[in-house]
Amino acid sequence: MSFDSTSSKKLNFDKANNFMRQFRDPDSRELKKLSANQFMEVWSHYDRDGNGYIEGTELDGFLKEFVSSANFIDVSPDAVSDSMLVELKACFMEAYDDNQDGKIDIRELAQLLPMEENFLLLFRFDNPLESSVEFMKIWREYDTDGSGYIEADELKNFLRDLLKEAKKINDVSEDKLIEYTDTMLQVFDSNKDGRLQLSEMAKLLPVKENFLCRQVFKGATKLTKDDIERVFSLYDRDNNGSIENEELRGFLKDLLELVKKDYDAQDLLEFEETILQGVEYSSDGKISRKQLTMILLALAKHNQEEEPSTP
């Protein structure tokens, strides 16, 4: 991984004030358990451009301060040499960069820093959803006013139910639940409109895998009948021979994610109309195997045309 020592100085991390020192025990130098608000402070401090990742010079600054703050003597983060930083970054990313994208996202930071157990539970590390069908069912359940957004009170209900499920709700006061809700909104509400749209909620509640990202749909290999059958059964959760309702929304959400990073319920609706018009869609709100085959073949063909051919 490349490191530019001059560019890290552009961030102007205050040499006399190591931000991470305040979160360490003065005697043991171990990190103290962070509250939800403190975790948000750390995240906001290092994700300076607010793009949802600690990367590049932000990551260099974080690592320097993280390591030097453990020192009993108040040393400047610049005491970490360039060569030491390269080695440190390699070890650190191997341990915490789960998706190996060279950046630290909010979930990866939450694994690294000690936090209140109940708040950490809300990230649901061990329990990603099986598919976007489950995601869309949860979305419908908590978007109680059908606005196409999860507003603060709806998010609070969702977090309360998560804590109930983990049998931790009795440990969390109403004030604490409000603090958690506010923090989760700050963390995941990328466009800062005070509510979560579909793509923002999808980051809070991740799906194990977007099956449509697999190589076979990128036109690299020929799409087989088995591939199509596998996709059909992934979305036809009730095995009734058609993809409908949340099954259809989940499939379209996965499709939409391939072309758009930030999307809301209106985008999904417009996308649904566009896709379904192309497969001679009947008005019964269902997709058959034949229609799914047409969509997947068109997707593979489109991706093949977009990718430069390798010699």
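Predicted model only: the values in this text are computed from it and were never measured.

## Focus on the overall build of the chain
Helices and strands together make up the secondary structure of the chain, namely 14 helices and 4 strands. Among the 311 residues that make up the chain, the fraction classed as buried is 46%. Long-range contacts, defined here as pairs at least 24 residues apart, represent 63% of the contacts in the chain between residues at least 6 apart. With the model as given, the accessible surface of the chain reaches about 16400 Å², and the carbon-plus-sulfur share is 48%.

## Points about the environment of Glu246
Positionally, Glu246 belongs in helix 12 (residues 246–259). The spacing of Glu246 and Val133 is 113 residues in sequence and 5.6 Å in space, taken between C-alpha atoms.

## Describing the layout of surface pockets
Of the voids in this model, the largest pocket is the one considered here, and its volume is about 1400 Å³. Along the walls of the largest pocket sit 43 residues, with Tyr53, Asp105, Arg107, Ala202 and Lys203 positioned nearest its centre. If you list the elements that add at least two residues to the lining of the largest pocket, you get helix 2 (36–46), helix 5 (106–112), helix 9 (174–188), helix 10 (198–204) and helix 12. Of the residues in the lining of the largest pocket, the class split is 15 nonpolar, 11 polar and 17 charged.

## Digging into the environment of Gln186
Inspection of the secondary structure puts Gln186 in helix 9. Once residues lying within four places of it in the same chain are set aside, the contact partners of Gln186 are Met40 and Lys192.

## A closer look at the pattern of salt bridges
When their charged atoms lie close together, side chains carrying opposite charge are able to pair. Counted under the stated rule, the structure contains 17 salt bridges. We note a salt bridge from Lys64 to Asp78, for which the minimum N-O separation is 3.6 Å. Of this pair, Lys64 sits in helix 3 (residues 57–68) while Asp78 sits in the loop between helix 3 and helix 4 (82–96), placing them 14 residues apart in sequence. Taking relative accessible area as the criterion, Lys64 reaches 6% and is therefore assigned buried. Among the ionic pairs, Asp193 bridges to Arg195, the shortest N-O distance being 3.1 Å. Residue classification places Asp193 among the partly exposed residues on the basis of a relative accessible area of 33%.

## Things to note about the packing of helix 7 (residues 132–142) against helix 12
Across the interface, helix 7 lies against helix 12 with an axial gap of 7 Å and an inter-helix angle of 115°. In this view, helix 7 runs roughly perpendicular relative to helix 12, as classed from their interaxial angle. Here the hand of the crossing between helix 7 and helix 12 comes out right-handed. Contacts from Ser132, Val133, Phe135, Met136, Lys137 and Arg140 of helix 7 reach helix 12 at Glu246, Glu247, Arg249, Gly250, Lys253 and Asp254.

## Quick word on helix 12
Its 14 residues place the ends of helix 12 20 Å apart at the C-alpha level, agreeing with the 20 Å of an ideal helix rising 1.5 Å per residue. With respect to burial, helix 12 is a largely interior element, 10 of its 14 residues being buried. Looking only at helix 12, the buried set comprises Glu246, Glu247, Leu248, Gly250, Phe251, Leu252, Lys253, Asp254, Leu255 and Leu256.

Conventions and cut-offs
The numbering scheme is per chain: residues are counted from 1 as the chain's sequence reads. Confidence filtering applies because this is a predicted model: local features only for residues at pLDDT of at least 70, side-chain atom pairs given and counted only at 80 or more, and all residues used for totals across whole chains, interfaces and linings. Processing note: side-chain calculations cover all non-hydrogen atoms of the structure and skip hydrogens and water entirely. Secondary structure counts use DSSP, requiring at least four H or I residues in a row for a helix and at least two E residues in a row for a strand, with both numbered from the N terminus. Note on classification: 1.4 Å probe, protein chains only; a residue is buried when its accessible area is under 20% of the maximum for its type, exposed when over 50%, partly exposed between these limits. We call two residues in contact when some of their heavy atoms are within 4.5 Å. All accessibility values rest on the Shrake-Rupley procedure with a 1.4 Å probe; residue burial counts only the protein chains present in the view. Lining residues are those with an atom within 4 Å of a point, where the points come from a 1 Å grid over the protein atoms alone and group into cavities, where a 1.4 Å probe fits but cannot get out, or pockets, open sets with protein on both sides within 12 Å along at least five of seven lines. Grid points are joined across faces, edges and corners, and a volume is the space filled by probe spheres set on the points. Gly falls in the polar group here, along with every residue not listed as nonpolar (Ala, Val, Leu, Ile, Met, Phe, Trp, Tyr, Cys, Pro) or charged (Asp, Glu, Lys, Arg). For this document, the term salt bridge refers to a Lys or Arg side-chain nitrogen within 4 Å of an Asp or Glu carboxyl oxygen. Note on definitions: angles span 0 to 180 degrees between N-to-C directions of axes, and those axes are lines fitted to C-alpha atoms, for helices only across the stretch in contact. With respect to orientation, any angle under 35 degrees is reported as roughly parallel, any angle over 145 as roughly antiparallel, any angle of 65 to 115 as roughly perpendicular, and every other angle as oblique. Helix crossings are classified by the rotation of the near helix relative to the far one: an anticlockwise turn of less than a right angle makes the crossing left-handed, while a clockwise turn makes it right-handed. Take the number of residues in a helix, subtract one, and multiply by 1.5 Å to get its expected span.

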